[in-house]
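# A look at the structure
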Amino acid sequence: MRFKKFYYKKINSTNNKAHIQIRKGAENGIILAEFQTKGKGQRGNKWISFDGNLFMSIFFVIGNQISLNKITKINCLIVQKCVQKFTDYKVVIKKPNDILIKQQKIGGILQETVFKEKKKFLIVGIGINVNKRPKIKKYPTNFINFFTKKNVTKLQIFKLLCISYEKKNLSIQIICILLEI
């Protein structure tokens, strides 16, 4: 399935833009932003958005009975496998939704659901530190290019994630249907 792509120079949050596109009637889409002013993190935390890093959200319809916990692992695996293609270091998922290399957070996902006209939509916000890391006291952070031999661009990662989601979306929908049985 092909996703409609939406590109923005500067927005408050890619997840917020996904909410808006759903309200406007979009069934699915991928939001990409150069910069976020109010990126969202887990449990109401902010996602610190440095220039050159990747900020995107993917949204699509899922089954009404499926819970976020049941597909968080799938979405983390998609991001993990994409990031792994750019480094020889092992990319690890730290539950529930962090992506780590050498025990340092380089990215994460934030999932939200929204209902419109009896349809349940999943929004998967993806933030990946590509060129710069925030300094956070609670845990160590880093960025992908620290762990690569050749510099990777956020566009390369974005394209790979788009391809992966466009291939995997049908599988995700099938899994959602099976889990509802």
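Look a little higher up for the structure.
Residues numbered from 1 in each chain as written. Predicted model: local features only at pLDDT ≥ 70, side-chain atom pairs only at ≥ 80, totals over all residues. Heavy atoms only, no water.

## Considerations on unusual backbone geometry
Phi is mostly negative for residues that are not glycine, and the peptide bonds are mostly trans. Rule in force here: Per the convention used, a helix needs a DSSP run of H or I reaching at least four residues, while a strand needs a run of E reaching at least two, with both numbered from the N terminus.
Residues K95 and P96 are joined by a peptide bond in cis, for which omega reads 5°. Relative to the helices and strands, P96 is located in the loop between β4 (91–94) and β5 (98–101). In this structure, E117 takes a positive phi of about 50° despite not being glycine. In this fold, E117 is placed in the loop between β6 (104–116) and β7 (119–128).

## Concerning the sheet that holds β4
For clarity, the threshold we go by: Whether two strands pair depends on DSSP finding at least two bridges between them. Every axis in this analysis is a line fitted to C-alpha atoms, fitted for helices over the stretch in contact. Angles between the N-to-C directions lie between 0 and 180 degrees. When checking whether two residues touch, look at their non-hydrogen atoms; a contact exists if any pair is within 4.5 Å.
Within the open sheet, the 7 strands sit side by side as β1-β2-β3-β7-β6-β5-β4. Their pairing is mixed. Every other strand in the sheet has two partners, leaving β1 (5–11) and β4 as the edge strands with one partner each. Adjacent strand axes in the sheet meet at a mean angle of 20°, parallel and antiparallel pairs treated alike. Across the sheet, helix α1 (residues 14–23) lies against β1, β2 (29–36), β3 (54–62), β6 and β7, angled at about 35° from β3, the strand it touches most. The sheet contacts of helix α2 (residues 68–84) involve β3, β4, β5, β6 and β7, and relative to β6 the element is tilted by about 140°.

## A look at the pairing of β7
Note the following rule: Note on exposure labels: buried denotes an accessible area under 20% of the residue type's maximum, exposed denotes more than 50%, and partly exposed covers the range between, all computed with a 1.4 Å probe on protein chains only.
Buried residues dominate β7, accounting for 9 of its 10 residues. Note that β3 and β7 share 9 bridges and pair antiparallel. Bridge assignment links S57 to a residue of β7, and that residue is G125. Where β6 and β7 come together, 10 bridges link them in antiparallel fashion. Note on β7: the bridge partner recorded for V114 is F121. Between β6 and β7, which follow one another and run antiparallel, lie 2 residues, and E117 among them has a positive phi close to 50°.

## A word on the environment of I71
Within the secondary structure, I71 is located in helix α2. Sequence separation between I71 and Q111 is 40 residues; the distance between their C-alpha atoms is 9.3 Å.

## A word on the side chain of K154
Note that K154 resides in helix α3 (residues 154–180). Residue classification places K154 among the buried positions, given a relative accessible area of 15%. Contacts of K154, omitting those with residues within four sequence positions, involve E34, G52, N53, L54 and V130.

## Let's talk about the pattern of salt bridges
Filter applied, for reference: By definition here, a salt bridge exists when the distance from a side-chain nitrogen of Lys or Arg to a carboxyl oxygen of Asp or Glu is within 4 Å.
With the rule as written, the count across this model stands at 7 salt bridges. One salt bridge in this structure joins K154 and E34, with 2.9 Å as the shortest N-O distance. Highlighted residues: K154 in helix α3 and E34 in strand β2, separated in sequence by 120 residues. Assessed through its relative accessible area of 23%, E34 is described here as partly exposed. D98 is paired through a salt bridge with K105; the nearest N and O atoms lie 3.0 Å apart. Taken individually, D98 and K105 each receive the classification buried, so the pair is uniform in this respect. A cluster of three or more residues bridged by salt bridges with shared partners is formed by R2, K5 and E166.

Interpretation note: all reported values are geometric properties and have no functional meaning in isolation.
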